Every structure is written in structure tokens, then in C-alpha cells.
Amino acid sequence: MQIKQSAEDYLETMLILKEGKGYVRSVDIAEYLGVTKPSVSYATRNLRENGYITMASDGLITLTEKGMEIADRIYTRHKLLTEFFVRIGVDPDIAREDACQIEHDLHEETFDALCRYTGVEK
């Protein structure tokens, strides 16, 4: 299941917002990612057309099973990488920033090894 990094970022953000607020709206995505509302509209249209999200008439966004699978995979990587970097002495803000970059490109074998090394289950 290959999708672009930006789409993964949008799906991950939707999961984070859902967990934090209980709902997902385009305006919240724009604010969280620091992008414009038209950018969010373009991205959500593509995600909807490809079956990763649904949008209700009231504007609320829901991850589909396919979208949730990707969002959860990326967010799990992000949390583990951030925690690992902080454990080895990296400033938490830098750790989060680096995790955001690495989470998309990390090979599954490397991620599995990191999970084993840290004792964290995927």
C-alpha cells in the first residue's frame, strides 16, 4: 500500500485529531499542519476519491478502514521513534521533528528491529 508522504501526514493528523478532540474537521487539519484551507480541501478530495476517508454533510471527516490502517501505522512509528530519540538524549522537539521525517521512509525490517530492541509491541 504505497501513498505519498503528504497523504500519510494528512491521515496521521486525522487520527491524532480524532483521538484528541473526538472529531475531525478540515479547519482543524489546516491549523494542526499549518497549511491553508484550500490545501486541505485538495488533499481531502484526493483521500476521499481514493477511499481513505469519508466526509459527512456536516463536514466531519472519518477515516475508512484503509485510511485508518495507514494512519495507525505512521502514528505508531512516529510515537516509537520519538520515544526512542528522547531516551537516547535528543531534545523532545527535535525528536518529534526527526521522527516525522523518518517515519515515512523507515523499512519495515528496521522498524521491527527497533520494536524488538526497545521492547515495544507494534
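Provided above is the structure to which this section pertains.
Residues numbered from 1 in each chain as written. Predicted model: local features only at pLDDT ≥ 70, side-chain atom pairs only at ≥ 80, totals over all residues. Heavy atoms only, no water.

Which parts of the structure should I look at to understand the packing of aromatic side chains?
Aromatic rings in a pair are described by how distant their centres are and how their planes are angled relative to each other. Considering all chains together, one arrives at 2 aromatic pairs under this definition. Seen from their ring centres, Phe84 and Tyr117 are 6.2 Å apart, and the 80° between their planes marks the pair as edge-to-face. Of the two residues, Phe84 is situated in helix 4 (residues 65-87) and Tyr117 in helix 6 (residues 108-118); the sequence distance between them amounts to 33 residues. Taking relative accessible area as the criterion, Tyr117 reaches 68% and is therefore assigned exposed. Taken together through their ring pairs, the aromatic side chains of Phe84, Phe85 and Tyr117 make up a single cluster. In this structure, Lys66 is placed above the aromatic ring of Tyr52, and the distance from its NZ or CZ to the ring centre is 4.7 Å. The ring of Phe111 carries Arg77 above its face, with NZ or CZ at 5.0 Å from the centroid. (Phe/Tyr/Trp six-rings, centres within 6.5 Å; stacked < 30°, edge-to-face > 60°. Helix = DSSP H or I, 4+ residues; strand = E, 2+ residues; numbered from the N terminus. Buried < 20%, exposed > 50% of the residue type's maximum accessible area, 1.4 Å probe, protein only. Lys NZ or Arg CZ within 6 Å of the ring centre and 35° of its normal.)

What should I look at first to understand the layout of surface pockets in this one?
Empty space among the atoms becomes apparent when a probe as large as a water molecule is rolled across them. Counted as a void, the largest pocket has a volume near 260 Å³. What lines the largest pocket is simply Ile3, Lys4, Ser6, Ala7, Tyr10, Ser39, Tyr42, Ala43, Asn46, Leu47, Asn50 and Tyr52. Only helix 1 (5-21) and helix 3 (37-49) provide two or more residues apiece to the lining of the largest pocket. No other element matches the 5 residues that helix 3 contributes to the lining of the largest pocket. Tallied by class, residues from the lining of the largest pocket come to 7 nonpolar, 4 polar and 1 charged. Counted as a void, the second largest pocket has a volume near 210 Å³. For the second largest pocket, the full set of lining residues is Ser6, Asp9, Tyr10, Glu12, Thr13, Ile16, Tyr32, Leu33, Val35, Tyr75, His78 and Cys100. Elements with a contribution of two residues or more to the lining of the second largest pocket: helix 1, helix 2 (26-33) and helix 4. Looking at the lining of the second largest pocket, the element that brings in the most residues is helix 1, giving 6 residues. For the lining of the second largest pocket, the class distribution of residues is 7 nonpolar, 3 polar and 2 charged. (1 Å grid on protein atoms, 1.4 Å probe; cavity = no way out; pocket = protein on both sides within 12 Å on 5 of 7 lines; lining within 4 Å. Points joined across faces, edges and corners; volume = space filled by probe spheres on them. Nonpolar A, V, L, I, M, F, W, Y, C, P; charged D, E, K, R; others polar.)

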